[in-house]
Structure formats: C-alpha cells, structure tokens
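# Geometric and topological summary
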Amino acid sequence: MSALPILYSFRRCPFAMRARMALLVSGQTVELREILLRAKPQAMLDASPKGTVPVLVLPDGRVIDESLDIMRWALARHDPEGWLRGDDAELIECFDGPFKHHLDRYKYPARHGSDPIEHRTAGMEHLQSLQQRLAASAFLCGSTRTLADIALFPFIRQFAATDQAWFDAQPLPQVHGWLAGLIGSDLFASVMLRLPPWQPGDAPTVFATG
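Note that the structure is predicted; figures quoted are calculated from it, not measured.

Definitions and limits used
Residues numbered from 1 in each chain as written. Predicted model: local features only at pLDDT ≥ 70, side-chain atom pairs only at ≥ 80, totals over all residues. Heavy atoms only, no water. Pairing = 2+ DSSP bridges. Helix = DSSP H or I, 4+ residues; strand = E, 2+ residues; numbered from the N terminus. 1 Å grid on protein atoms, 1.4 Å probe; cavity = no way out; pocket = protein on both sides within 12 Å on 5 of 7 lines; lining within 4 Å. Points joined across faces, edges and corners; volume = space filled by probe spheres on them. Nonpolar A, V, L, I, M, F, W, Y, C, P; charged D, E, K, R; others polar. Phe/Tyr/Trp six-rings, centres within 6.5 Å; stacked < 30°, edge-to-face > 60°. Buried < 20%, exposed > 50% of the residue type's maximum accessible area, 1.4 Å probe, protein only. Salt bridge = Lys/Arg side-chain N within 4 Å of Asp/Glu carboxyl O.

### Points about the sheet that holds strand β4 (residues 63-64)
By definition, the strands of a sheet pair up through backbone hydrogen bonds, in either a parallel or an antiparallel sense. Strand order in this open sheet of five strands is β4-β3-β1-β2-β5, and the pairing throughout is mixed. Edge positions in the sheet fall to β4 and β5 (206-207), since each has one partner strand and no second. As paired strands, strand β1 (residues 6-9) and strand β3 (residues 55-57) are joined by three bridges and run antiparallel to one another. Bridged to Ile6 within β3 is Val57.

Shown next as structure tokens:
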C-alpha cells in the first residue's frame, strides 16, 4: 500500500481538474497517476469499477471516486483559502446536472443526436445567472475564489472553448473576466502539467505544493 494517497487522473477531464485544484490548494501531497481513458489501468478499475476519473485511493485502502467528495475531503483536512465557505451545493448541483447535460449536447451533438444550438441557448441561460452573481461580487460566493468557483469553472471553460469566438462575443463581461482570471491563475497552470500515462512499475510522480 502506498504511503501517499494515489490519484488516478486524466489531464483534460473537467472532473479531474477540479479535484486536482482542491488537492493542490489544500497542500495535500498525492501520487499522481495520469491515465488514458481508452486504456484504463487495472489497478484503477480494481479500486473503482465504474472506471471514471478522478479516483483517490487513500493509504488505508479507502477509495473516493467522486470529484466533489475528493475536493471536500482535501479541504476538510486543510483549507487555507477558506474554500468551504463557498460550498454552495445548490449552485454546484445545477451546473453538474442541467448545465452539464446541455454542455455535452452542445459540444458533442453527433454523439447525442442533438441540436447544438438548442443546447447552447439553454446553457447560456445558466451563464446569465452567473453574470448576475458576478456583477455583485468578484467570485461566485464573495470576494475570493471558493469551492463553487473551482467546481464550476472547468465546465464553463469547456462551454466557452466549443466556439470561442461566439462565446467571446456574448454580453457576459463579468463571466468572461472571471473565467479568464481562473484560466490564467498559477493554480490552474500548476494542475495542468503534462505527464506520460502511468504504467505499473513506474517511479511515483509526486504532486504537491511548493
């Protein structure tokens, strides 16, 4: 059993992104194992048969395989920026549920047999609600970034990148500024490191602050 928690992750997965960001800001050191979604390692599947990332295997053998649970576990151990003050469960559920539904059908219309413009329009209604929140404060739950910002941000980044020119032309100035600030943050840059896919027997890749 590893002396460190083991995180199975995929660099571009938005769920894995937000888990990595919470682990890093909390100062929680983990062994990071980058995977290929088309060739998932058996060790990850043994830990979490559902086969989705992120998966955090703790030194005592316990497994946390939902990204929000990983975020909350890390922040419960150490929360130097007070992210848990912004654990807005209702807002997060709205974006993990209805917004993500529309995002997938906008971004991958062939996969879902969907009308992308219909789902883009529906997604925009959610972003307009964020625009109103961000008109009142710099971040979703106040003057500093919290769990809600980091939980939503990777999916809004995906939505924007689906048609960046169109998104940039939308009247969402506060959303644009909020998103650009998070994309340009040192925290995001630190969690987007490129690693080769993990193989059994590889030397551990330690993922930590400092």
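### Notes on the layout of surface pockets
Here the idea is plain: a probe the size of a water molecule rolls over the atoms and shows the empty space left. Space inside the largest pocket adds up to approximately 750 Å³. Along its surface, the largest pocket is lined by 31 residues, and Arg12, Cys13, Pro14, Leu37 and Gln158 are the ones closest to its centre. For the lining of the largest pocket, the secondary structure elements donating two or more residues are α1 (14-26), α3 (67-77), α4 (89-107), α5 (109-112) and α7 (147-162). Looking at the lining of the largest pocket residue by residue, the class counts come to 13 nonpolar, five polar and 13 charged.

### A short note on the packing of aromatic side chains
If you walk through the whole model with that rule in mind, you get eight aromatic pairs. Summarising the aromatic geometry, the rings of Tyr106 and Phe159 are spaced 5.1 Å apart at their centres and angled 55 degrees between planes, so their arrangement reads as tilted. Of the two residues, Tyr106 sits in helix α4 while Phe159 sits in helix α7, which places them 53 residues apart along the sequence. One exposure class covers both Tyr106 and Phe159, and it is buried. Following the ring pairs from residue to residue traces out a cluster consisting of Phe95, Phe99, Tyr106, Phe159, Trp166 and Phe167.

### Here's the deal with unusual backbone geometry
A cis geometry characterises the amide bond from Val53 onward to Pro54, with omega recorded as 0 degrees. Along the chain, the position of Pro54 falls in the loop between α2 (42-47) and β3.

### Here's the deal with the pattern of salt bridges
For the coordinates displayed, the defined rule picks out eight salt bridges. Taking the shortest distance from any N to any O, the salt bridge between Lys50 and Glu66 comes out at 2.6 Å. Taken together, the positions of Lys50 in the loop between α2 and β3 and Glu66 in the loop between β4 and α3 put the pair 16 residues apart, joining distant regions of the chain. You can call Glu66 partly exposed: its relative accessible area is 41%. Where Arg145 meets Glu81, a salt bridge forms, and the shortest distance between an N and an O atom there is 2.9 Å. With Arg145 in the loop between α6 (116-136) and α7 and Glu81 in the loop between α3 and α4, the pair connects residues that are 64 residues apart, well separated along the chain. For Glu81, a relative accessible area of 32% translates into the label partly exposed.

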